[in-house]
Amino acid sequence: MPIKQNAKFPKQAVAVKIFHGVNIISLILMMSSGLQIYNANPVFGGREGWHFPKVLLLGGWLAGGRDWHFAIMWIYSLNLLGYGLLIFITSDLAPLPINQAGQ
């Protein structure tokens with residue numbers, strides 16, 4: 001079945017795109033600092049275990065990775081709070097109506 005050239009996709013508000021962009025960036029940074037924590041922590045990777053490549057890491061050492069992880073966690077949390085407030089204020093996720101039969 002060929003794809004229609006004039007197919008319309010749902011549009012998102014600019015604020016929603018910004019919230020999603022901040023989420024993606026903050027989650028990638030949290031993963032890279034989490035990998036740094038894994039590499040530097042003697043309980044997990046430590047000095048003898050398998051290490052992730054340095055290009056994937058953020059923080060440089062255990063405390064640095066932890067500090068980055070918690071700092072970005074605040075950005076992610078505040079972004080989630082802002083997105084929730086946006087949905088609450090604009091009532092963007094209103095419940096769907098139930099038909100007469102209750103189905």
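All values derive from a computational prediction rather than experimental measurement.

Draft legend 1. Seen up close, the pattern of salt bridges. Summed over all chains, the structure comprises one salt bridge. Residue R66 is joined to D67 by a salt bridge in which the shortest nitrogen-to-oxygen separation is 3.5 Å. A relative accessible area of 45% means that D67 is categorised as partly exposed.

Draft legend 2. Focus on the packing of helix α1 (residues 14-40) against helix α2 (residues 62-90). Relative orientation of the contacting elements α1 and α2 amounts to 160°, with a least axis distance of 8 Å. In terms of orientation, α1 and α2 fall into the roughly antiparallel class. With respect to the hand of their crossing, α1 and α2 are arranged in left-handed fashion. Looking at the contact of α1 with α2 residue by residue, the classes come out as 17 nonpolar, 10 polar and one charged.

Draft legend 3. The packing of aromatic side chains, seen in detail. Considering all chains together, one arrives at two aromatic pairs under this definition. A ring pair is formed by Y38 and F52, whose centres lie 5.5 Å apart and whose planes are at 70°; its orientation type is edge-to-face. On the criterion of sequence distance, the pair formed by Y38 in helix α1 and F52 in the loop between α1 and α2 is long-range, its members being 14 residues apart. Looking at F52, the relative accessible area reads 24%, which means it is partly exposed.

Each value, and the rule that gives it
Residues numbered from 1 in each chain as written. Predicted model: local features only at pLDDT ≥ 70, side-chain atom pairs only at ≥ 80, totals over all residues. Heavy atoms only, no water. Salt bridge = Lys/Arg side-chain N within 4 Å of Asp/Glu carboxyl O. Buried < 20%, exposed > 50% of the residue type's maximum accessible area, 1.4 Å probe, protein only. Axes fitted to C-alpha atoms, helices over the stretch in contact; angles between N-to-C directions. Helix = DSSP H or I, 4+ residues; strand = E, 2+ residues; numbered from the N terminus. Parallel < 35°, antiparallel > 145°, perpendicular 65-115°, else oblique. Left-handed = near helix turned anticlockwise from the far one by under 90°. Nonpolar A, V, L, I, M, F, W, Y, C, P; charged D, E, K, R; others polar. Phe/Tyr/Trp six-rings, centres within 6.5 Å; stacked < 30°, edge-to-face > 60°.

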